[in-house]
Amino acid sequence: MSILGLKKKQPKTFKVKVITMDAEMEFSCEVKWKGKDLFDLVCRTVGLRETWFFGLRYTVKDTYAWLKPEKRVLDQEVPKDSPITFHFLAKFFPEKVEEELVQEITQHLFFLQVKKQILDEEIFCSPEASVLLASYAVQAKYGDYDPNFHKPGFLAQDELLPKRVLMQYQMTADMWEEKITAWYAEHRGIARDEAEMDYLKIAQDLEMYGVSYFAITQNKRDTDLLLGVDAQGLHIYSPNSKLSPNKSFPWSGIRNISYSEKEFTIKPLDKKKDVFKFYSSQLRVNKLILQLCIGNHDLFMRRRKVDSIEVQQMKAQAKEEKARKKVERQILAREKQMREEAERAKEEMERRLFQLQDEARLANEALLRSEETADLLAEKAQIAEEEAKLLAHKAAEAEQERQRLEVTAMKTKEEKRLMEQKMREAEQLAVKLVEQSERRSKEADHLKQDLTEAKDAERRAKQKLLEITKTTYPLIAAYSTPPPPPPPEAADAAYDSSSARLDFKDSDMKRLSMEIERERLEYMEKSKHLQDQLKELKSEIESLKLEEQQQQAGLYSLRGEARGYAPEALYIPHSNRNSAYMSQMAFFEEV
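In this text the structure is predicted, and so the values were computed from the model without any measurement. (Residues numbered from 1 in each chain as written. Predicted model: local features only at pLDDT ≥ 70, side-chain atom pairs only at ≥ 80, totals over all residues. Heavy atoms only, no water.)

## Quick look at the packing of aromatic side chains
Piece 1. All chains considered together, the criterion is met by 18 aromatic pairs.
Piece 2. Aromatic side chains Phe93 and Tyr209 sit 5.3 Å apart centroid to centroid with 75° between the ring planes, which places their arrangement in the edge-to-face category. Highlighted residues: Phe93 in the loop between strand E5 (84–90) and helix H3 (97–100) and Tyr209 in the loop between helix H8 (192–203) and strand E6 (212–218), separated in sequence by 116 residues.
Piece 3. For Phe93, a relative accessible area of 8% puts it in the buried group. (Phe/Tyr/Trp six-rings, centres within 6.5 Å; stacked < 30°, edge-to-face > 60°. Helix = DSSP H or I, 4+ residues; strand = E, 2+ residues; numbered from the N terminus. Buried < 20%, exposed > 50% of the residue type's maximum accessible area, 1.4 Å probe, protein only.)

Rendered as structure tokens:
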């Protein structure tokens, strides 16, 4: 067979792109493939076995439709694009997610789809429930909360809350993140599949969960209504309220649903109840409503029956898988705990090692400092020993000097005593001299008085002599004859007697004057001698005071050096010791 013949026999294909909630896939499909062939290929690729919940949805003009499994793909109203785009989504929702969703991939796909519907506000959710659901979504994505790793701002790029909730409150992104993180921290230890299941268990209680809404009118009055189709049954809503239905028809109470062109008829199981009719303007929408009603009713009836062998096997396998994963998670948790404990122990050991190293370093530094201090202390001790020796030597010298000064002081005291004795003797001598001078003064006064009396007597004698001479002279003149001259011997005798009296008086006066002058000279000599002695005594006292001050200063200086005091700090008062000397000197100076 030629190569050309092989090429002619190759089937024709077309490109298909399938978008799941977390991936995009492209396939090459044969032209003769039906919708079931493409759907099975996608399920095998994804690994999904619970296929009855899902379908391939495509967009037709202003609405959407689900790919029919029994018809060829290209025979349906699919887009003519290449590749043809389909969305692999959940077509029917379970009543109880925990009981009906068996596979983990099924749970994950439902979780992603419901989360997107909540964020797109296709399902109404209160702010409190939105924050709680967001915390489970974060737990499923990031795992356990770790404050060291999950720093503030780690959720800045994640879309976790509906825009309506963000606009409803005047809160910043950081405030919302703080609230979500507070709940997220409490989910520690929850695995990803458990967090997704907890998310779905909360979401299935929302009023708009799993409901497909269609615009309808009732009877000929053209009253606008909304038809809701979900796993529980059919619900009639007001156009402005999708939360609380005006009327509900559970699947268990519906006997039949039929439509002819635009008219739908719901026949209750209870024949006493009225038949409900409504109208839909689009035939394509009517077919979609009928398709969803049939599928939800079939699943409703299927839930009330015993599970098929396939479902039982799936549940058993899922149970085993969950048990195995639980054991693995427990083992992993134990290993994680042991690893954390080991890491903590390691960190503790490292911390302890660093601490010991620091202690060793500090000990080495302390040892070095101790050695340096010891060397320094040894040097100081040597210096102190030398200083002690020097001080001992100085102390010995000071002791010798003190003894010498004591001896000198004793000598000084003896000299002082002798000086005081000399001073007392000088005082006594001065007293005697004063007494003698007073006595001499008195004697001189007496002599002066005697001299004055002698001069007075001489003056009176001369006066009397003159008077006698005046009285005798007239008698001689009256007789006019001179008396006979006396004999020469008598005249000489008379003259000698008068001259003798005069000479006697003159000699006494001279002698007295000479004695007075001699006594004055002797007194002056004694006074001069006493003054010389006083000056000599004063100079000796001054020299003794100066020597005593020098000796006392030397003694205190040596004592201060021996005790470690500076000689500059010494002060020796002399006023008390010199007062006696000064008083004595004043006395002598007065003398």
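## Overview of the confidence of the model for the chain
Piece 1. When the pLDDT values of the chain are averaged, the result is 79; 84% of them are 70 or greater.
Piece 2. When the criterion is pLDDT under 50, residues 1–8 qualifies, and its contacts beyond four places in sequence or with other chains add up to two contacts. (pLDDT = per-residue confidence, 0-100. Contact = heavy atoms within 4.5 Å.)

## Focus on the sheet that holds strand E4 (residues 63–66)
Piece 1. Sheet architecture is open: five strands sit in the order E2-E1-E5-E3-E4, paired in mixed fashion. Edge positions in the sheet fall to strand E2 (24–30) and E4, since each of these pairs with one other strand and no more. Within the sheet, the average angular offset between the axes of one strand and its neighbour, ignoring direction, is 35°.
Piece 2. Bridge analysis of strand E3 (residues 54–60) against E4 gives four bridges, and the strand direction is antiparallel. (Pairing = 2+ DSSP bridges. Axes fitted to C-alpha atoms, helices over the stretch in contact; angles between N-to-C directions.)

## Some remarks on the packing of helix H5 (residues 127–142) against H8
Piece 1. Relative to each other, H5 and H8 sit at 160°, their axes nearing to 8 Å. Judged by the inter-axis angle, H5 sits roughly antiparallel to H8. The handedness of the crossing between H5 and H8 comes out as left-handed. Two secondary-structure elements touch here, H5 through Leu132, Leu133, Tyr136, Ala137, Gln139 and Ala140 and H8 through Arg192, Ala195, Glu196, Asp198, Tyr199, Ile202 and Ala203.
Piece 2. In the contact of H5 with H8, the residues fall into nine nonpolar, one polar and three charged. (Parallel < 35°, antiparallel > 145°, perpendicular 65-115°, else oblique. Left-handed = near helix turned anticlockwise from the far one by under 90°. Nonpolar A, V, L, I, M, F, W, Y, C, P; charged D, E, K, R; others polar.)

## Looking at H8
Piece 1. Taking 1.5 Å of rise per residue, 12 residues should cover 16 Å, and H8 covers 16 Å from first to last C-alpha, within 8% of that figure.
Piece 2. Looking at H8, one finds that the buried residues are Asp193, Ala195, Glu196, Met197, Asp198, Tyr199, Leu200 and Ala203. (Expected span 1.5 Å × (residues − 1).)

## Thoughts on the packing of H5 against helix H7 (residues 173–184)
When two helices pack together, their arrangement is given by the angle between their axes and by how far apart the axes lie.
Piece 1. Closest axis-to-axis distance for the H5/H7 pair is 8 Å, and the angle between their directions is 70°. Relative to H7, the element H5 lies roughly perpendicular. Between H5 and H7 lies a crossing whose hand is right-handed. In this structure, H5 uses Val131, Leu132, Ala134, Ser135, Val138, Gln139 and Tyr142 to contact H7, whose residues at the interface are Trp176, Lys179, Ile180, Trp183 and Tyr184.
Piece 2. Classifying every residue of the contact of H5 with H7 by side-chain character gives nine nonpolar, two polar and one charged.

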